[in-house]
Amino acid sequence: MTAQREHRVEKYFVIATAGHVDHGKSALVKALTGTDPDRLPEEKARKITIDLGFAELNLTAPNGQTIHAGIIDVPGHEDFVRNMIAGVGSIDLALFVVAADDGWMRQTEEHLQILMYLGVKRAVVALAKSDLGRIDSVTDGIRNQMRETVFARSSIVPTSVRTAEGIENLKSAIALELAAMHPQRDFGKPRLFIDRAFTLRGIGTVVTGTLSGGSIRRSQDVVVQPGEISARVRSIQNHGRGIEIAQPGMRTAINLPDLSIGENGMQRGDLITAPGLGSPRATVDVLLERSSRLKRNSPAARPIKNGSFIQVHIGTGRIAAKITLLDKSALEVGQSAIARLKFDSPVVAFVGDRFVVRDSPEQNTIAGGTVLDPNADLANFRSVSQIQFLRARATAPHDIDVCVRSEIALRGFVLRKALLNESPFSDGEISEALERLQCAGEIVLCSEMVTDRKAWQQLRERAISLIDEAHKGNPERAGLHLNELRSTLGIQESNVFEALIADLCVKDFVRKGSAIARISHRPLLPAELQAVERKIRESLSHKPFDPPPRREIETNRHAQQVLRFLTETGDLSEIGSDVVLLRENFERMKHEVADFIAQNGPATVSELRKALESSRRIMVPFLEKLDRDGVTRRMGDKRCLR
Ligand SMILES: Nc1nc2c(ncn2[C@@H]2O[C@H](COP(=O)(O)OP(=O)(O)OP(=O)(O)O)[C@@H](O)[C@H]2O)c(=O)[nH]1
Ligand SMILES: [Mg+2]
């Protein structure tokens, strides 16, 4: 992937504005790009931004490289924070805008917290309306507010759209920042959360969003979640230009002509992804965190009570959910806790996805969080295994080893190709992590399955003791029947069982037909059956080529055990359903048939029966077996040698 990154000549990033209402965000986007991001008539009339606006900014990095940045302009008004959050879900850089006449305000702070909850790490600050003065004190104020955040070292650039002061400086500051960044990772799992869906005459439905995680190609099949609707991409655009492939970090418009928009079709919040990547779930287990920046006594700082209803902003969507806290009655400012979210309608999430929590009337941003288990529909929240799993994962939900280890410990056995499908890790990265954990002795890889070493060890030990018990209890048997072993162990998946048998047979154990046994095991009849064996051998030897039918020998359970023993040890040949011969007699009879034909030419059943003092009952199936074994061949009513 690194090589791929370096070879990518052009870099794509997405920037979003942030900041209080009226601080000059949209005016700045227009000054930077020439595009007025306020496109709605209502926005023009009210002179505020209501919904997201989009523009394109092309920059040249200090090394000469071209950088394409999509800008998402967000509203600052407190009534439209919901739209702001939809705009900042998968961005690379925040462009904070703080007006020189106003300084740090309520939504500057709320936006900062939202960006931190979503894991945005880089920002450039525009100190806007610099023509209105107070540069030094507002700069100090911003530094003060950003101290101890990831944005502490962001550059602060005074700008004015009136005087054009600082616009070029701001471009350079953004270019410098982006030039130092890696484009978004491509881990082969594309996701595009829809932020706009509209219909164009003659073209049909178009959806837009910021692509992340993987690429989307023209003509490929995609799935729209959570409705699980399949569609084919007719065409793709990036800022109005047709392209073949959209890469992570690109503003992307996709034409899906067969789908409709609105309540029953696609709308903001829906997810476009590749087939097989994630399923909608109503229950998701998470790590919930509350910023210690929330002002005590403010409505946003009220405790989040166990069982309360909240609004979860994830991707570009917002879904109501009920919170259950694992080990608290309420979550206070500055605290974090493992929690379960039960959504009103299902979501498709990945491990490590970040989200923002607002109170139910959508007035305050009250928390943020990270998805730990996107697939918790069937998991018992308070079971010991689920709690262990969530606690382990909460320590580092973005660490691949932590994710792999916890998943395997929870599920015991996991199909390799299904492992962490809903995660921000590529198949290659997951394979590397598996090899690392295998080398460290934590897990066992057997063909298609991955398992926790301890769980595997326990399973092996149980299997071994069952086989040993079988050898002890039925020493006359070849071993333990595989079906019996599997059902006693309660193994559902046949590949787990196959892997177990293969593992046992590497050393000390051997597969014997449909049974498994210790290599050292020699079937032996117990004393009380030895007399029965002698009798059976006698009756089979009295007329060696014309022994009595099986049903006359197998008259009770002991006889049955002995016959099975003789079959398993190879001392008995089963010729037909009711015909058995002692192996030595079978071999003699075969030679005599061969000799007879060699001396007398092709022979009929009747001739052979007479010559060998056998009977038709024996000779017919016997010759059929010789035919099958390739010793003789039938020619009309005669047998010749092959
Ligand atoms: N003096 C001065 N006024 C500015 C400057 N930039 C913007 N303004 C004015 O500030 C007002 C708000 O500007 P916008 O760009 O709409 O502010 P905004 O941050 O996008 O506002 P919302 O999107 O509603 O949050 C407008 O009347 C602008 O003309 C500036 O550099 N100097
Ligand atoms: Mg605006």
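Note that this is a predicted model, so its numbers are computed, not measured. (Residues numbered from 1 in each chain as written. Chains lettered and ligands numbered in written order. Predicted model: local features only at pLDDT ≥ 70, side-chain atom pairs only at ≥ 80, totals over all residues. Heavy atoms only, no water.)

Undergrad: Could you give me a rundown of the packing of aromatic side chains, with the residues and numbers involved?
TA: As enumerated under the stated definition, the model contains four aromatic pairs in all. Aromatic side chains Phe-413 and Trp-456 sit 5.9 Å apart centroid to centroid with 65° between the ring planes, which places their arrangement in the edge-to-face category. On the criterion of sequence distance, the pair formed by Phe-413 in strand E25 (residues 413-415) and Trp-456 in helix H11 (residues 453-473) is long-range, its members being 43 residues apart. Seen from their ring centres, Phe-586 and Phe-622 are 5.4 Å apart, and the 70° between their planes marks the pair as edge-to-face. With a gap of 36 residues between them, Phe-586 in helix H17 (residues 583-600) and Phe-622 in helix H19 (residues 616-629) connect regions that are remote in the sequence. This pair shows no difference in class: Phe-586 is buried, exactly as Phe-622 is. One aromatic cluster in this structure is built from Phe-96, Trp-104 and Phe-151. In this arrangement the basic side chain of Arg-191 is found over the ring face of Phe-350, its NZ or CZ atom lying 3.7 Å from the centre. (Phe/Tyr/Trp six-rings, centres within 6.5 Å; stacked < 30°, edge-to-face > 60°. Helix = DSSP H or I, 4+ residues; strand = E, 2+ residues; numbered from the N terminus. Buried < 20%, exposed > 50% of the residue type's maximum accessible area, 1.4 Å probe, protein only. Lys NZ or Arg CZ within 6 Å of the ring centre and 35° of its normal.)

Undergrad: How would you sum up the sheet that holds strand E35 (residues 638-641)? Please name residues and give values.
TA: Here we have three strands laid out as an open sheet, ordered E33-E35-E34, and antiparallel in their pairing. Each having just a single partner strand, strand E33 (603-604) and strand E34 (632-635) make up the two edges of the open sheet. Where E33 lies against E35, two bridges are found, and the strand directions are antiparallel. Bridged to Thr-604 within E35 is Lys-638. (Pairing = 2+ DSSP bridges.)

Undergrad: Before we move on, can you summarise the environment of Asp-102 with the specific residues and values?
TA: For Asp-102, the location among the structural elements is in the loop between strand E4 (93-99) and helix H5 (106-117). For Asp-102 and Val-450, which are 348 residues apart along the polypeptide, the C-alpha to C-alpha distance reads 58 Å. In contact with Asp-102, not counting residues within four places along its chain, are His-23 and Arg-134. Polar side-chain contacts of Asp-102 include one of 2.9 Å to the side chain of His-23. (Contact = heavy atoms within 4.5 Å. Polar contact = N/O pair within 3.5 Å; in protein donor to acceptor, adjacent residues only side chain to side chain.)

Undergrad: Please provide a residue-by-residue account of the confidence of the model for the protein chain, values included.
TA: Caution is warranted with low-pLDDT regions, since their predicted coordinates should not be read in detail. Considering every residue of the protein chain, the mean pLDDT works out to 93; 99% of them sit at 70 or more. Predicted confidence is poor over residues 1-8, with pLDDT under 50, and the contacts of this stretch with residues over four places away or in other chains come to 12 contacts. (pLDDT = per-residue confidence, 0-100.)

Undergrad: Go over the coordination of the magnesium ion (ligand 2) with me, naming the residues and quoting the values.
TA: Binding of the magnesium ion (ligand 2) to the protein goes through Ser-26 (OG) and Thr-49 (OG1), at separations of 1.9 to 2.0 Å. With Ser-26 in helix H2 (residues 25-33) and Thr-49 in the loop between helix H3 (41-46) and strand E2 (53-60), this pair connects stretches of sequence that are 23 residues apart. Under the relative-accessibility criterion, Ser-26 is labelled buried at 12%. Classification of Thr-49 by relative accessible area gives buried; the value is 9%. (Donors = N, O, S within 2.8 Å, 3.2 Å for Na, K, Ca; no water.)

Undergrad: Please give an account of helix H10 (residues 427-439) that cites residues and values.
TA: Helix length check: H10, at 13 residues, gives a terminal C-alpha distance of 18 Å against a target of 18 Å (1.5 Å per residue), a fit within 8%. Looking one or two places after H10, you find Gly-441, whose phi comes out positive at around 75°. (Expected span 1.5 Å × (residues − 1).)

Undergrad: Could you give an account of the nonpolar core, with specific residues and numbers?
TA: Core analysis: the biggest nonpolar cluster contains 37 residues, and Val-88, Phe-96, Leu-115 and Ile-142 have the highest contact counts within it. When we break this core down by domain, the ones giving at least three residues each are domain 1 (2-179) and domain 3 (281-386). Excluding its chain neighbours within four sequence positions, the residues that come into contact with Ile-142 are Val-98, Trp-104, Val-125, Leu-127 and Ile-156. By size, the runner-up hydrophobic cluster in this structure holds 26 residues, among which are Ala-55, Ile-167, Leu-178 and Met-181. (Core = buried A, V, L, I, M, F, W, Y, C linked by side-chain atoms within 4.5 Å. Domains from an automatic or database assignment.)

Undergrad: Just give me the short version of the packing of helix H12 (residues 482-489) against helix H13 (residues 494-504), but keep the residues and values in it.
TA: Contact pair H12 / H13: the axes reach a minimum separation of 11 Å and the direction vectors enclose 115°. As H12 runs across H13, the sense of the crossing is right-handed. For the pair H12 and H13, the contacting residues are Leu-482, Leu-485, Arg-486 and Leu-489 in the first and Ser-494, Phe-497, Leu-500 and Ile-501 in the second. (Axes fitted to C-alpha atoms, helices over the stretch in contact; angles between N-to-C directions. Left-handed = near helix turned anticlockwise from the far one by under 90°.)

Undergrad: Tell me about the sheet that holds strand E15 (residues 251-255), and name the residues and values.
TA: In spatial order, the strands read E11-E10-E16-E7-E8-E15-E12-E13; together these eight strands make up an open sheet with antiparallel pairing. One side of each edge strand has no neighbouring strand; the edge strands of this open sheet are strand E11 (229-232) and strand E13 (241-243). Along the sheet, successive strands turn relative to each other by an average axial angle of 40°, direction set aside. Note: strand E7 (residues 191-200) against strand E16 (residues 271-273), three bridges, orientation antiparallel. Across the sheet, Phe-193 pairs through a bridge with Leu-271, a residue of E16.

Undergrad: Provide a residue-level description of unusual backbone geometry, including the pertinent values.
TA: Here the residue pair Gln-225 and Pro-226 is connected by a cis peptide bond, since its omega of 5° sits within 30 degrees of zero. The residue Lys-129 is not glycine, and still its phi comes out positive at about 55°. Within the secondary structure layout, Lys-129 lies in the loop between strand E5 (123-128) and helix H6 (135-146).

Undergrad: Residues and numbers for the pairing of strand E23 (residues 354-359), please.
TA: Of all the six residues making up E23, five are buried; the element is thus mostly covered by neighbouring parts of the structure. In this sheet, E23 lies alongside strand E19 (residues 309-314) in antiparallel orientation, the contact comprising five bridges. In the strand pairing of E23, Val-312 is matched with Val-357. Relative to strand E24 (residues 365-373), E23 runs antiparallel, the two being bridged by five bridges. Bridge assignment links Val-357 to a residue of E24, and that residue is Ala-367. Two successive antiparallel strands, E23 and E24, enclose a turn made up of five residues, where Glu-362 displays a positive phi of approximately 60°.

Undergrad: Give me helix H9 (residues 400-411): which residues, what numbers.
TA: In this model H9 runs 17 Å from its N-terminal to its C-terminal C-alpha over 12 residues, within 8% of the 16 Å that 1.5 Å per residue would give. Among the 12 residues of H9, nine are classified as buried, and the element is accordingly described as predominantly covered. Along H9, the positions that sit buried rather than exposed are Ile-400, Asp-401, Val-402, Cys-403, Val-404, Ser-406, Glu-407, Ile-408 and Leu-410. Buried positions along H9 lie against helix H8 (384-395), E25, H10, strand E26 (443-446) and strand E27 (449-452). The backbone nitrogen of Asp-401 has a side-chain oxygen 2.8 Å away, supplied by the residue at the start of H9, namely Asp-399.

Undergrad: Now, about the environment of Ala-55: what can you tell me, with residues and values included?
TA: For Ala-55, the location among the structural elements is in strand E2. Sequence separation between Ala-55 and Ala-455 is 400 residues, and the spatial gap between their C-alpha atoms is 54 Å. Discounting residues that sit within four places of it in the chain, Ala-55 has contacts with Val-29, Thr-33, Thr-35, Ala-69, Gly-70, Ile-71 and His-239.

Undergrad: Give a detailed account of the side chain of Thr-210, specifying residues and quantitative values.
TA: Structurally, Thr-210 is set in strand E8 (residues 204-212). A polar atom in the side chain of Thr-210 sits 2.9 Å from the side chain of Arg-251. With residues up to four places along the chain from it excluded, the contact list for Thr-210 reads Val-14, Ile-72, Ser-90, Arg-191, Leu-192, Phe-193, Asp-195, Met-250 and Arg-251.

Undergrad: Can you explain the site of ligand 1? Please cite residues and give values.
TA: Near ligand 1 you find 18 residues, and of these Lys-25, Ser-26, Ala-27, Thr-49 and Val-161 are the closest. For ligand 1, an oxygen atom lies 2.6 Å from a polar atom in the side chain of Thr-49. In the environment of ligand 1, a nitrogen atom lies 2.8 Å from a nitrogen or oxygen atom belonging to the side chain of Asp-131. Of the residues that constitute the shell around ligand 1, the class distribution is six nonpolar, seven polar and five charged. (Near = heavy atom within 4 Å. Nonpolar A, V, L, I, M, F, W, Y, C, P; charged D, E, K, R; others polar.)

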